[in-house]
Every structure is written in C-alpha cells, then in structure tokens.
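Per-entry structural report
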Amino acid sequence: MQILDGKLVSGAIKEQLALKVAELKAQGKKTPHLAAILVGNNGASETYVASKVKSCAEIGYNSTLLRFEDTISEKHLLDHINMLNENPDIDGILVQLPLPKHINEELVINTIDPSKDVDGFHPMNVGKMVSGLPAFIPATPYGIMLMLEHYGIDTKGKHAVVIGRSHIVGTPVSILLSRNTNPGNCTVTLCHSHTKNLKELCLQADIVVAAIGRPEFVTGDMVKEGAIVIDVGINRLPDASKKSGFRLAGDVKFDEVAPRCSYITPVPGGVGPMTIAALLKNTYHAAIGQKGNQN
Ligand code: NAD
C-alpha cells in the first residue's frame, strides 16, 4: 500500500508556481492576485481560507481577504463581487462556501466573472468542462486529477466508483475521470444517497472516490483488494484530548481500508492540500490570461 501524499505533491506544485511567478515578476509582468471572500465565523471555513491566503504568500502571489459578518445583505455581497470583477488587479475570486441561509449561493456564483472564477463553479466553466473545453476546473476534483497524474497511476479502463454527487466534488470528479484524458478513461459509477447496492458497487471498484461528508463511512468490507482509494471527506469529530477539541476524520475508515489498497489518500494531508494547489494553479492561469487550464 502506498500513501498518496497530498502535502508532498502540493509542495512540488507550489514550488513550480513560485518559480513561474518569479519569472513573471522578473519580466515586469503582473503578479497573480487572488481575492477571497469569507462570510461569518464558521471554524472550518476560516481554516480553509487562512490556508489559501497563506499559500498565496508562500509562492509570491498577492492576496486580498474580504471578511464580512454573517448579517451582510445579499446585495452588499454582490456589490463587492462586482467591484472585484471590475478591478483589473484581481485575477481570481473565491467565495468560501457555505454562505448564510439568507444569501442565494447560486446568485453569488453566477455573479463572479467567469474569467476570474478560479473555483470553477460558474455555470460557464461547468459547461465548458463538461464539453471538454479549456475551463477552470473546480479545485478539489482538479487536485485529485493532479494527484493521480503525479503518481503516474494508470486509470485507463478502470472502474471508478464515486460516492457523492455534489457540484463541487462528486459530479465533476465523475466527469473528469470518464473523459478521454490521462488520467481519465475510467468507467464511472456515480453513487449517492439513493443508491441501493452501494457496497456491491464499491466492491467492484478499482478506484473509490469518497465525497460523502460522513466520517469513516467506507469500511474495509466495502473495498476490494488492490483498490485505489481517494478520501475527500473532512469531518470534525469531538476529541477532548486535542487542544482544538476535535480531530479530523475522512469519509473512509483508514485503519480498515488502507491495508487492502494499492494507494490511499490520508486525512488530513491528502486531498485537502491538493485542493489548494489546484486553486493556485487556476489563479496562475487566470493571471496570465489563459481562460482555464487545458486538461
Ligand atoms: P455534500 O453534502 O454536498 O454531498 C454529499 C454527497 O454524499 C451527496 O451527493 C449525497 O447524495 C451523498 N451521500 C450522502 N449520504 C450518502 C449515503 N448514505 N450513501 C451514498 N451517498 C451518500 O458534500 P460535499 O461538499 O461534496 O463534501 C463531501 C465531503 O468532502 C465533506 O466531508 C467535505 O467536508 C469534504 N470536502 C473536502 C474538500 C477537500 O479539499 N478535501 C473539499 C470539498 C469538500
């Protein structure tokens, strides 16, 4: 069994990007600039945004963090997004989800200029991705593909079972894995909360992608010997022995599943860091005027 080390791979991607940014600067070109919007005080969202902003600084990008109370009106938030859309110094815009209930997430996403939509959630980018055109690909699925590519994992002809059909993870991963690309060319089964024979399907999988949001949902008896397991889940479980009061658990019961796998991502340190690396790649492409990456 080999661990797919997201920290290591994202570190390598960040190093490459740092060199490219240094080149841009040396040529007198624009420094990539990411704007992040955080609404409210959700602990997990704060952590994610802080890592994204910190990673920008590490590789020489500029970043701007706009923080708002969760009482912000929808109109006020949309006005701020429009200002970022019009600001030529801003290359990428990300709005950390989830948003408070009184704000229409779809409207917010649709307001972001698609050429600055480095999270890849705007329908224009989703449509292009589905059509196989250059587009900003949502960071978590893109990060998973970069991880498979880095380890040279041959996915061609493999049966991938994706559990979860969210717009940000499960659905785009299923599309990317099924495309005629490398990695890609999988036969994909997309499972969700109404799937009846989940265990049976998982046992047929050469690749399992778990994006459910339920701690340790995928157990050892659901995974066939030699499978590749990608655990997207980040769940906080109460743990009095930790200073933070919680520990992180994936959607996969690691201790049971890992011994059966050929490759597996840990939580933390697997898909999480790859998501940030992918976001930074998207931001670089936005800054150099490439409307999305080519894969
Ligand atoms: P979501 O709640 O939007 O979607 C969960 C999906 O799981 C749904 O499509 C649902 O149909 C499916 N599901 C729920 N119960 C099921 C069951 N019993 N059987 C089969 N399918 C079931 O979640 P999401 O936003 O896709 O996130 C999933 C997990 O990934 C969460 O833990 C989230 O924190 C994590 N996540 C991690 C990253 C990262 O960077 N590592 C990024 C995004 C999300």
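Provided above is the structure to which this section pertains.
Here's a quick rundown of the structure. Residue numbers run consecutively from 1 along every chain, following the written order of its sequence. It should be noted that, the model being predicted, local features are given only for residues of pLDDT at least 70 and side-chain atom pairs only at 80 or more, the latter also being counted only at that level, while totals for whole chains, interfaces and linings use all residues. Just so you know, side-chain values use all the structure's heavy atoms and leave hydrogens and water out.

Re the overall build of the chain
A tally of regular secondary structure across the chain gives 10 helices and 11 strands. In this description the radius of gyration comes from C-alpha coordinates, and the expected globular size is given by 2.2 Å times residues to the power 0.38. Its C-alpha radius of gyration of 19 Å places the chain within 12% of the 19 Å reference for a compact globule of 295 residues. Dimensions of the chain, computed from C-alpha atoms along their principal axes, come out at roughly 50 × 40 × 35 Å. Three labels apply to residues, based on accessible area from a 1.4 Å probe with only protein chains included: buried if under 20% of the type maximum, exposed if over 50%, partly exposed otherwise in between. Expressed as a percentage of the 295 residues in the chain, the buried residues total 50%. Here, two residues are considered to be in contact whenever any of their heavy atoms come within 4.5 Å of each other. In the chain, of all internal contacts separated by at least 6 residues, the share reaching a separation of at least 24 is 70%. Put simply, DSSP H or I for four residues or longer makes a helix, DSSP E for two residues or longer makes a strand, and each gets a number counted from the N terminus.

Remarks on the environment of G272
Here G272 is to be found in helix 10 (residues 271–287). A C-alpha to C-alpha distance of 12 Å links G272 and N235, two positions 37 residues apart in sequence.

Considerations on helix 3 (residues 74–86)
Given a rise of 1.5 Å per residue, 13 residues ought to cover 18 Å, and the 18 Å separating the end C-alpha atoms of helix 3 matches this to within 8%. Turning to helix 3, its buried residues are L77, L78, H80, I81, L84 and N85. Relative to the axis of helix 3, the buried residues are bounded by an arc of 155° and lie together on one face. Exposed and oriented more than 90 degrees from the buried face of helix 3 are K75 and E86. Here the expected span of a helix is defined as 1.5 Å times the quantity of residues minus one. Note that the arc is defined by the directions from the helix axis to the C-beta atoms.

A few points about the packing of helix 6 (residues 139–150) against helix 10
The geometry of helix 6 relative to helix 10 is characterised by a closest axis approach of 7 Å and an angle of 105° between their N-to-C directions. One finds that helix 6 runs roughly perpendicular with respect to helix 10. Between helix 6 and helix 10, the contacting residues are A139, T140, Y142, G143, I144, L146 and M147 on the first element and V271, M274, T275, A278, L279, K281, N282 and H285 on the second. The residue makeup of the contact of helix 6 with helix 10, split by class, is 9 nonpolar, 5 polar and 1 charged. What counts as an axis is a line fitted to C-alpha atoms, over the stretch in contact for a helix, and the angles between N-to-C directions run from 0 to 180 degrees. Oblique is the label for any angle not covered by the other classes, which are roughly parallel (under 35 degrees), roughly antiparallel (over 145) and roughly perpendicular (65 to 115). For this classification, Asp, Glu, Lys and Arg are treated as charged, while Ala, Val, Leu, Ile, Met, Phe, Trp, Tyr, Cys and Pro are nonpolar and the rest, including Gly, are polar.

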